[in-house]
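# Report on the structure
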Amino acid sequence: MSRTTNDLDPDGSTTRPGPASATSDARGPDRVGLVLAAILLPLAIATAAGLVLLWPSAQAPSTGIVAVDTEYPTGRVLSATTESCAGETEDRTPDGDIPDRVRCTLVEVEVTSSDATGEVVEVWAPVNLGVTDLGPGTRVVLARYLATETEPEVWAWYDFARTVPLGVLAGAFALVVTAVAGLRGLRALIGLALAFGVIATFMLPALLEGRDALTVGLVGSSAIMFAVLYLAHGFSRRTTTALLGTMAGLAVTAALGVAAASTARLTGISTEDSYRLAMLTGQLDGTALRGLFLCGVVLAGLGVLNDVTITQASAVWELRSADPAASRGALFSQGMRIGRDHIASTVYTIAFAYAGAALPILLLLQVYQLPFLQTISSGEFAEEIARTLVGSIGLVLAIPLTTLIAAVVVTAGPAPAPDPVHGHGRRRQTAPPAHGHLH
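A few points on the structure. (Residues numbered from 1 in each chain as written. Predicted model: local features only at pLDDT ≥ 70, side-chain atom pairs only at ≥ 80, totals over all residues. Heavy atoms only, no water.)

## Looking at the overall build of the chain
Counting its secondary structure elements, the chain contains 11 helices and eight strands. Per-residue burial for the chain yields a buried fraction of 35% across its 439 residues. For the chain, restricting intrachain contacts to residue pairs at least 6 apart in sequence, the fraction spanning at least 24 positions comes to 69%. For the chain, the exposed area adds up to about 24800 Å²; of that, 64% sits on carbon and sulfur atoms. (Helix = DSSP H or I, 4+ residues; strand = E, 2+ residues; numbered from the N terminus. Buried < 20%, exposed > 50% of the residue type's maximum accessible area, 1.4 Å probe, protein only. Contact = heavy atoms within 4.5 Å. Areas by Shrake-Rupley, 256 points an atom, 1.4 Å probe, with all protein chains shown as cover.)

Structure below.
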């Protein structure tokens, strides 16, 4: 019995009979693979070369920080009492006055780590904590300033000990991701750990050593994307398409960031933390911190770019699998309908994420009653607005770029079978063979 118009090959792909089609299918994937390799290999080589050239030295950079022998042991609260203390600057009331006497909390803590284990010390808690916040058994972290030739040993409050609850939360996150996404979720978690490893061992030390911040950001982000995408999603043309779309989005984001920093005169010194960093690193002219702003723009766009490019590549592959006869134009048009929905939802996500992170600053605006336009154009707000808008533009442009690349790549070869992980529907057969068998 002859094969029907659209049958399934043993590997699950849908093909059309005929020598011409078979020949093009055999040659097409090779040509596409060569083109993808010709684009990807230079990017990989440039990333590897950048890592080698920019890799920080083992020597710690010099800063203005004076080394002090300090330990941070953990402890367990035994008791907390309310005392009367002299008012200080941090106790200033809204009308500007400093009270003569204020309530403060004295905490008795048993040290549970370091060579001082078992020792009981007394420390003053921060002004925002009361007796009810420090019940017996509360785990805390102390600062222990070791004795010197001229100064005695001093103990002080540092923070709550949060290792256990945060560790439980991280474990729950890993468990849920693995349970729902299976092996792919586990690989994604490993990729996330590798990404933070790149940031900690390469990007941060290189930035402190004064390497060009934008170049460090692009090289580090590229290395992260190579590792994360292929580890989580495997080596395939679909993943390569998403990677190319991500790289294009990063390039657009970096270019727009440079233009925004120049035209809006963003110096990078807009907050107390950035000014302190400038002093400690000796970069008060702002050049390095402007580069740091650009590096942050690139790094901040990684996560969302990865999300949208993988989604768009997967969408085009599934559309092609569902309709093997679809043209590139049709696949691009259908993929962009999905992409537009993604754009709309992502715009909300970015805006609300920033609003939530900046909620204390937004409340201060209400307190100070400053003019709106003057406020949002001030240094701190201008940097955040520029970072958000630049990242959003790069994100939005990455969607059509990825969709176009995916439409070209997927139509260059035979229609793919639905991915059992990515796909959700059954394999499409327009004319199933008689009795459910291939003859």
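## Topic: the packing of aromatic side chains
Evaluation of the coordinates by the stated rule reveals four aromatic pairs. When the centroid spacing of 5.2 Å and the interplanar angle of 90° are considered together, the rings of W157 and F160 count as edge-to-face. A residue is classified by how much of its surface remains accessible, and W157, at 14% relative accessible area, is buried. The partly exposed category is assigned to F160, whose relative accessible area is 22%. (Phe/Tyr/Trp six-rings, centres within 6.5 Å; stacked < 30°, edge-to-face > 60°.)

## Considerations on the pattern of salt bridges
Inspection of every chain in the model, using the stated rule, returns seven salt bridges. The salt bridge involving R76 is made with E110; its shortest N-O contact spans 2.4 Å. Of this pair, R76 sits in strand 4 (residues 74-86) while E110 is found in strand 5 (residues 101-111), placing the two residues 34 residues apart along the sequence. (Salt bridge = Lys/Arg side-chain N within 4 Å of Asp/Glu carboxyl O.)

## Overview of a nonpolar patch on the surface
Together, L183, L186, I190 and L194 line one region of the surface with nonpolar side chains, adding up to about 360 Å² of accessible area. Along the chain, L194 falls in helix 2 (residues 163-208). Exposure remark for L194: the relative accessible area of 44% places this residue in the partly exposed category. (Patch = residues over 30% accessible without salt bridge, like charges linked within 9 Å, V, L, I, M, F, W, Y side chains within 5 Å.)

## Regarding unusual backbone geometry
With a phi angle near 75°, S114 is a residue other than glycine that sits in the positive phi range. Mapping S114 onto the fold places it in the loop between strand 5 and strand 6 (120-124).

## What about the side chain of T246?
Mapped onto the secondary structure, T246 falls in helix 4 (residues 237-263). Among the residues examined, T246 registers a relative accessible area of 0% and is labelled buried. One polar contact links the side chain of T246 to the main-chain carbonyl oxygen of A242, over a distance of 2.8 Å. Not counting residues up to four positions away in its chain, the partners in contact with T246 are M225, L229, L305, N306 and T309. (Polar contact = N/O pair within 3.5 Å; in protein donor to acceptor, adjacent residues only side chain to side chain.)

## Thoughts on the environment of P56
Residue position: P56 is located in the loop between helix 1 (19-54) and strand 3 (70-71). By relative accessible area, which is 8% here, P56 ends up buried. Taking the C-alpha atoms as reference, P56 lies 6.9 Å from E209; in sequence the two are 153 residues apart. Setting aside residues no more than four positions away along its own chain, P56 makes contact with T201, F202, P205, A206, E209 and R211.

## Brief notes about the side chain of T411
Locating T411 in the fold gives a position in the segment after helix 11 (379-410). Within the local environment of T411, its side chain forms a polar contact with the backbone oxygen of A407, the two atoms lying 2.6 Å apart. The residues touching T411, leaving out its near neighbours within four places in the chain, are R320, A326, R328 and L331.

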